[in-house]
Amino acid sequence: MNNATTLSKIEPASYLSEPLPLDASKRLEIDRSLSVPILFLMRSSFFSFSLALFLISICAVKLVFPSFLDGISFLTYGRLFPVAYDLFIYGWAIPLGFALILWLMARLSATPLSHIRILTAAAHLWNSALFLGSLAVLAGYGTSVIFLEYPNWASFLLFVSFLLMGLWVLLLTQERKERALYVSEWYLLTALCSFPWIYGTANLMLTWGKIQGSAQGPIQCWYAGSLMQFWLTPIALGTIYYLIPKITGVKIYSYYLALFGFFSLLLFSGWNGLSSLIGGAIPAWMMSAGVVTNIMLVLPMIAVVINFYWMFQESEKLILHQSPALRFVAAGIISYVIATVLSLVSSFPCFNAILNFTDYLSGTFLLFFLGFFGMTLFGGLYYFIPRLTGISWSSSKLIQFHFWLSVVGISLMVSSMVLGGMIEGVAFNDPVITFTNILSYTLPWNVLVTLSWFLLLLGFFCFMRLLVTMRWEMIEEKLPMPR
Amino acid sequence: MNRLRSLFLIIILLFFSSWLGVVVYSYLELGHFKSVAGSDGILPPYYSGQAILGARVYAASGCMTCHTQQIRQLDVTHSDIDRKWGTRPSVALDYLRDQTAFLGKRRMGPDLSNVGSRLTDPIWYYHHLYEPDQVTPGSIMPSYRYLFHMQKIQGELSAQAIPLTGPHAPPPGYEVVPTKDAQDLVAYLLSLKHDYTLPEVSAETPSAP
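Definitions and cut-offs
Within any chain, residue numbers begin from 1 and follow the written order of that chain's sequence. Chain labels run from A onward and ligand labels from 1 onward, assigned in the order the entries are written. Local features in this predicted model are restricted to residues whose pLDDT is 70 or higher, and side-chain atom pairs enter the listing and the counts only when it is 80 or higher, whereas totals over whole chains, interfaces and linings include all residues. The numbering of helices and of strands both runs from the N terminus, where a helix is a DSSP run of H or I of at least 4 residues and a strand a run of E of at least 2. Radius of gyration means the value over C-alpha atoms here, while the globule rule gives 2.2 Å times the residue count to the 0.38 power. Partly exposed residues are those whose C-beta has more than 12 but fewer than 20 other C-beta atoms within 10 Å; with 20 or more the residue is buried, with 12 or fewer it is exposed, and the C-beta atoms are placed from the backbone. Any two residues are considered in contact once their C-beta atoms, placed from the backbone, lie within 7 Å. For this entry, the nonpolar core is defined as buried Ala, Val, Leu, Ile, Met, Phe, Trp, Tyr and Cys residues connected by C-beta atoms within 7 Å. Orientation is described by axes fitted as lines to C-alpha atoms, over the contacting stretch for helices, and by angles from 0 to 180 degrees between their N-to-C directions. Geometric relationships in this document are graded by angle, where less than 35 degrees denotes roughly parallel, more than 145 denotes roughly antiparallel, 65 to 115 denotes roughly perpendicular, and other angles denote oblique. Here is the rule for handedness: rotate from the far helix to the near one, and if that takes an anticlockwise turn smaller than a right angle the crossing is left-handed, while a clockwise turn gives right-handed. Under this grouping Gly is polar, as are all residues other than the nonpolar Ala, Val, Leu, Ile, Met, Phe, Trp, Tyr, Cys and Pro and the charged Asp, Glu, Lys and Arg. For every residue, the predictor states its confidence as a pLDDT score lying anywhere from 0 to 100. Expected helix span is computed as 1.5 Å times (number of residues minus one). It is the directions from the helix axis to the C-beta atoms that the arc portrays.

## Considerations on the overall build of chain B
Part 1 of the argument: Within chain B one finds eight helices and four strands.
Part 2 of the argument: Helices (α) and strands (β) of chain B occur, in sequence order from the N terminus, as α-β-β-α-α-α-α-α-β-β-α-α.
Part 3 of the argument: Radius of gyration (C-alpha) of chain B: 22 Å, far over the 17 Å computed for a compact globule of 209 residues.
Part 4 of the argument: Residues counted as buried form 43% of the 209 residues belonging to chain B.
Part 5 of the argument: Sequence-distant contacts in chain B: of pairs separated by 6 or more residues, those separated by 24 or more amount to 73%.

Pasting the structure below:
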């Protein structure tokens with residue numbers, strides 16, 4: 001079997017993102033089978049997201065007023081901040097991404113789900129591990145490894161429950177009735193298969209068992225980079241490759257460009273995390289590998305963006321204006337471009353010497369995380385939720401509020417972090433400037449960042465308000481309540 | 001089914017390239033570094049038992065959220081050494097004894113790789129942990145008051161009592177003393193001294209100006 005030839009022999013149908021319209025009863029059967037586990041995963045992810053936003057807002061206030069809630073062990077910045085980030089990732093990004101994988105894979109392979117109980121049970125296990133793990137970090141049992149702060153029993157439970165959920169989707173691909181493999185599926189399968197591997201490996205070496213300290217640095221950075229490029233990026237791109245053709249009715253512009261974008265992403269991902277150790281205690285070749293791959297990650301970005309751009313060009317302009325989903329997706333794509341360019345700049349050693357350890361890198365990460373992944377997935381939710389529940393959004397005004405509050409919030413936050421970070425970095429490099437002086441330069445930027453977290457919180461409330469209205473309608477119309 | 005299988009194969013191959021290159025290489029090479037014999041004993045030196053406990057307090061308090069422990073190489077930047085945060089760049093061997101390598105990603109406070117050489121008075125550390133903004137005006141470090149407790153003075157003032165005069169001073173007849181956790185933490189911070197000379201370091205990098 002030759003990989004290259006089998007992959008290139010793709011029939012024209014796969015230029016579409018989904019099998020030709022399924023008949024209505026079939027689609028309903030698939031959606032019914034999905035709604036319970038998916039809505040459960042989504043609800044818990046929204047809960048974690050609001051909690052994470054709330055905690056990170058407290059952290060942001062603490063940076064401006066260090067005496068705010070200080071001297072209390074479980075509210076100290078060093079515990080609250082990691083918990084907020086872990087809730088963002090393990091509470092929101094992963095369950096939500098998984099819910100989208102589940103939906104898209106079922107739709108794309110035209111197979112309804114069966115035995116959803118195992119899936120729901122695994123999701124409950126995930127949530128319990130997340131909740132107990134977060135409490136443990138607040139109580140002082142955290143490991144202090146970036147993004148792997150949960151104590152070993154909690155991370156092990158998370159790992160097991162993800163395996164249970166993931167195996168479930170893999171079985172679905174075995175039972176698939178639709179033979180063609182779509183672009184979205186490439187990305188989603190990548191995310192699904194690689195997450196347990198990277199999470200398992202990183203935990204095995206850093207928290208479950210601890211390898212010698214001299215080797216931990218590169219592995220910590222590998223994990224953080226892989227989490228971005230093997231989970232956040234593929235899920236967001238898979239969602240976009242599904243949504244744009246689906247909503248606009250335009251075919252994927254170039255199949256080969258999509259193929260190139262996909263494989264180049266896979267090739268350079270994983271190495272890119274090493275770029276955060278520029279000048280650090282690693283062999284020189286590792287540092288160079290980090291720099292080169294982080295720069296090369298521009299290629300997959302350009303490939304997918306050209307594809308998306310032409311699809312937007314060919315679609316009717318009216319649809320772009322009317323679809324809230326596409327508007328969020330467009331904001332996501334723009335964030336992806338800017339975040340990749342910002343990260344490219346900071347990976348040149350000469351700039352990295354200034355920008356490393358400053359808010360510039362945090363801002364780049366947040367643009368990637370909230371702007372690219374977050375906005376894209378909210379776009380997906382605006383498309384999927386009405387189809388799962390059968391109820392349309394009650395207020396386009398609230399959707400607009402959510403959109404604009406998020407856009408303004410993210411732009412304000414990222415620009416203040418990037419600018420503040422540059423100033424901070426230049427000051428760091430001048431040893432005459434004392435450390436406390438540098439802190440006073442960053443203060444005004446921290447005020448702006450705090451403000452933008454509150455804007456994001458407000459935007460998310462608009463989204464929650466929409467969901468609550470939807471629930472009321474469900475009760476009034478006596479629809480079967482998704483448990 | 002063929003196409004699905006070949007897709008999986010390619011995903012796995014590409015994925016494993018970085019896994020092998022970063023994770024397996026690090027584990028096999030860096031993870032098996034051996035300590036070296038220096039002029040004054042085995043390098044890097046062992047942590048004391050109290051310092052090992054202190055490293056756990058360091059992890060539990062999330063110090064690494066704002067403090068790094070890495071001095072960057074001179075061909076990238078001189079600023080870390082110019083700021084007197086260290087006398088030489090960090091190397092992988094420096095982390096040999098660490099249960100968890102607290103490299104850190106963000107500097108909202110100074111680097112701590114060599115804090116034990118810079119500041120040697122335990123009372124200074126206690127005072128700073130208790131009310132950072134009084135010791136270092138302008139600091140945004142939060143207070144770690146929960147690592148201390150107030151007690152009635154029994155006879156003489158304890159040797160470890162913090163000399164507090166500001167807004168957090170205890171009422172007359174009382175003193176603020178560190179808990180076991182604070183003592184361990186300070187023992188750990190005092191042992192952070194990566195100023196010994198390692199053979200590989202002196203051979204490869206020029207000394208700081």
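Continuing now.
## Re the overall build of chain A
Part 1 of the argument: Helix and strand counts for chain A come out as 16 helices and zero strands.
Part 2 of the argument: Since a compact globule built from 483 residues should have a radius of gyration of about 23 Å, the 22 Å found for chain A is in line with a globular shape.
Part 3 of the argument: If you line up chain A on its principal axes, its C-alpha atoms span 70 × 55 × 50 Å.
Part 4 of the argument: When the 483 residues of chain A are sorted by exposure, 52% land in the buried category.

## Quick word on the environment of Tyr27 of chain B
Part 1 of the argument: Tracing the chain through its elements places Tyr27 of chain B in helix α1 (residues 2-28).
Part 2 of the argument: Looking at Tyr27 of chain B, the number of C-beta atoms within 10 Å reads 19, which means it is partly exposed.
Part 3 of the argument: As a C-alpha pair, Tyr27 of chain B and Lys193 of chain B span 166 residues in sequence and 25 Å in three-dimensional space.
Part 4 of the argument: Ignoring any residue separated from it by four or fewer positions in sequence, one finds Tyr27 of chain B in contact with Met205, Ile211 and Ala215 of chain A.

## Re the interface of chain A and chain B
Part 1 of the argument: Taken together, the contacts link 69 residues of chain A with 65 residues of chain B.
Part 2 of the argument: In terms of residue count, helix α6 (residues 183-208) of chain A provides more of the side of chain A that touches chain B than any other element does, seven residues in total.

## Topic: the nonpolar core
Part 1 of the argument: Counting 201 residues, the largest nonpolar core has Ala84, Ile101, Leu102, Leu232 and Leu274 of chain A as its most contacted members.
Part 2 of the argument: No other element matches helix α3 (residues 77-108) of chain A, which puts 23 residues into this core.
Part 3 of the argument: Setting aside its immediate chain neighbours within four residues, Leu274 of chain A contacts Pro218, Cys221, Trp222, Ile282, Met286, Met287, Ala289 and Gly290 of chain A together with Val22 of chain B.

## Some remarks on the packing of α6 of chain A against helix α7 (residues 216-248) of chain A
Residue and element names in this part refer to chain A.
Part 1 of the argument: The interhelical angle for the contact between α6 and α7, taken along N-to-C directions, is 160°, at an axis separation of 8 Å. Here α6 is positioned roughly antiparallel relative to α7, judged by the angle of their axes. Along this stretch, α6 crosses α7, giving a crossing that reads as left-handed.
Part 2 of the argument: In the contact of α6 with α7, the residues fall into 19 nonpolar, seven polar and no charged.

## Structural notes on the confidence of the model for chain A
Part 1 of the argument: Averaged over every residue, the pLDDT of chain A is 89; the share at 70 or more is 93%.
Part 2 of the argument: Scored below 50 in pLDDT, residues 1-19 of chain A shows 37 contacts in the model against residues more than four places distant or in partner chains.

## Some thoughts on the environment of Gly91 of chain A
Residue and element names in this part refer to chain A.
Part 1 of the argument: Examined against the element boundaries, Gly91 turns out to sit in helix α3.
Part 2 of the argument: Sequence separation between Gly91 and Ile247 is 156 residues, and the spatial gap between their C-alpha atoms is 29 Å.
Part 3 of the argument: Aside from chain neighbours lying at most four places away, what touches Gly91 is Ser45, Ser48, Ala52 and Leu130.

## Things to note about the confidence of the model for chain B
Part 1 of the argument: Residues with a pLDDT of 70 or more make up 94% of chain B, whose mean pLDDT is 90.
Part 2 of the argument: Scored by ipTM, the complex comes to 0.92, with pTM at 0.93.

## Some remarks on unusual backbone geometry
Part 1 of the argument: Cis peptide bonds are those with omega within 30 degrees of zero, and the linkage from Leu43 of chain B to Pro44 of chain B qualifies with -10°.
Part 2 of the argument: Considering the arrangement of structural elements, one finds Pro44 of chain B in the loop between β2 (41-43) and α2 (49-61).
Part 3 of the argument: One non-glycine residue, Ser144 of chain A, lies in the positive phi region at around 65°.
Part 4 of the argument: Mapped onto the secondary structure, Ser144 of chain A falls in the loop between α4 (116-141) and α5 (152-174).
Part 5 of the argument: Phi is positive for Phe357 of chain A, which is not a glycine, with a value near 70°.
Part 6 of the argument: Tracing the backbone through its elements, the reader meets Phe357 of chain A in the loop between α13 (349-355) and α14 (359-389).

## Here's the deal with helix α10 (residues 298-314) of chain A
Residue and element names in this part refer to chain A.
Part 1 of the argument: Here α10 is 17 residues long and its end C-alpha atoms lie 24 Å apart, about the 24 Å a rise of 1.5 Å per residue gives.
Part 2 of the argument: Three or more residues of α10 are buried, namely Pro300, Met301, Ala303, Val304, Asn307, Phe308 and Met311. The arc enclosing the buried residues of α10, seen along the axis, measures out at 165°, which places them on a common side. Away from the buried face of α10 by more than 90 degrees, exposed residues Tyr309 and Gln313 are located.
Part 3 of the argument: Against α7, α8 (255-268) and α12 (324-346) lie the buried residues of α10.

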